[in-house]
Amino acid sequence: MKTVTFRQLRVFTEVARHLSFVRAAESLHLTPPAVTMQIKELEGAIELPLFDRQGRKVALTTAGEYFLVYAKRLLATLKDANDAMARFRKLETGLLTVGLVSTAKYFVPRLLVNFRQEHPGVEVKLTVSANREQLVTHLVNGEVDLAIMGRPPLELAARSEPFAANPHVFVAPPGHPIFRSGHPPVSALAAFPLIVREAASGTRALMDRFFQNHRVEPRIAMEMPSNETIKQAVMAGMGLSFLSLHTLGLELKTRELEIVNVEDTPVMRLWNVVHLQSRVLSPAAEAFRYFILEEGEKYLAAHDAPWLKLSGETEG
């Protein structure tokens, strides 16, 4: 089948509805010759006759009857798309409830500010969960429209769409002995105490998998459920830690913490926007989902670039 246009499909379905080129032309505000031309072009693209013409009588061929089913489906899908876009253009009010793991609280509010500039009438409610496990519970209970998390909830019938990279790095206070190695192997971490997230967090799961893959037994000194508390403990010299780069902007700028360029780091995972397949998203939620898929990567890439570049230069 060669190229078929939506204009040709509209003309075809109208002729099929009226079984008259003249009446179809009147309905479409076209001339009969224009309708005839569109049908001829469509039949040429399909390489099959769609109508039997006997004088003024018009009837669908067998191929035409089959093609009409698909033409209607295509036009219906186009209408759905147009309706969805119209809802976004006219979106003025609505409640949007966004759930997020604690690591995402460092960037989601800034994205929401940009979103609200485009949709000022949308009321936004943020639900920050202590960890991934708690956020999954909020999703199951229908307490959030959308969830921002790292590891998708494969245990749920949910739609998970990645929108940006989420680099994880080891950090230490300036002057820590580990910096003497420049680019230390993973095994070097075993000599130093680690302050880590609790077992239910996605960050902890990623760190555990990283050490398992390198067959290194980490020296875990303390578990804490808060990124902020962990950072304070590391700055105080209590140990190293493994955190998302997106939690570290301020501390890296003020040089209270520095990235340790351990081999095979940063460890990359993805940020996902997630919602239950069984729930129909509100216009506000659909608008934000579209927004974060379009804008999230650009925003976070700009945040990450200076630190990832610096890390690469240090390795070199």
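Look above for the structure.
Residue positions are given per chain, counting from 1 as you read along its sequence in written order. Restriction of local features to residues with pLDDT of at least 70 applies here, the model being predicted, together with a cutoff of 80 or more for giving and counting side-chain atom pairs; totals for whole chains, interfaces and linings are based on all residues. Note: side-chain values were computed over all heavy atoms of the structure, leaving out hydrogens and water.

Engineer: Which residues make up the packing of helix α1 (residues 6-18) against helix α3 (residues 32-46), and what are the values?
Structural biologist: Orientation is described by axes fitted as lines to C-alpha atoms, over the contacting stretch for helices, and by angles from 0 to 180 degrees between their N-to-C directions. Numbering of helices and strands runs from the N terminus; a helix is a DSSP stretch of H or I covering at least four residues, while a strand is a stretch of E covering at least two. Packing of α1 against α3 leaves a shortest axis separation of 9 Å and a crossing angle of 110 degrees. Comparing the axis directions of α1 and α3 gives the class roughly perpendicular. Considering the relative orientation of α1 and α3, their crossing is left-handed. Each of Arg7, Gln8, Val11, Phe12 and Val15 in α1 lies in contact with α3, whose residues at this interface are Val35, Gln38, Ile39, Glu41 and Leu42. When residues are grouped by polarity, Ala, Val, Leu, Ile, Met, Phe, Trp, Tyr, Cys and Pro land in nonpolar, Asp, Glu, Lys and Arg in charged, and all others, Gly among them, in polar. Within the contact of α1 with α3, the residues separate by chemical class into six nonpolar, two polar and two charged. If an angle is under 35 degrees, it is roughly parallel; if it is over 145, roughly antiparallel; if it lies from 65 to 115, roughly perpendicular; otherwise it is oblique. Handedness of a crossing is defined here by the sense of rotation of the near helix relative to the far one, left-handed for an anticlockwise turn of less than a right angle and right-handed for a clockwise turn. By definition, residues are in contact when any of their heavy atoms lie within 4.5 Å.

Engineer: Quick one: what's the story with the environment of Val140, residue by residue and with numbers?
Structural biologist: By the element assignment, Val140 lies in helix α6 (residues 132-140). Val140 sits in the partly exposed class, given a relative accessible area of 47%. Sequence separation between Val140 and Thr61 is 79 residues; the distance between their C-alpha atoms is 51 Å. Discounting residues that sit within four places of it in the chain, Val140 has contacts with Leu156 and Leu276. Relative accessibility decides the category of a residue: with a 1.4 Å probe and only protein chains considered, values under 20% of the type maximum give buried, values over 50% give exposed, and everything between is partly exposed.

Engineer: Account for helix α8 (residues 227-235), naming residues and giving values.
Structural biologist: Each full turn of the α-helix corresponds to 3.6 residues, which orients residues three or four apart in the same direction. Looking only at α8, the buried set comprises Asn227, Ile230, Lys231, Ala233 and Val234. What you see down the axis of α8 is that its buried residues fit within an arc of 160 degrees, all on one side. At its buried positions, α8 is contacted by β6 (158-172), β7 (193-197), β8 (219-224), β9 (241-244) and α9 (249-253). Whenever two N or O atoms come within 3.5 Å, that pair is a polar contact, provided that in protein one can donate a hydrogen and the other can accept it, and provided that, for residues adjacent in sequence, both atoms are side-chain atoms. At the N-terminal end of α8, a side-chain oxygen is found 3.2 Å from the backbone nitrogen of Glu228, two or three residues along, and the residue is Ser226. Read the arc as the range of directions from the helix axis to the C-beta atoms.

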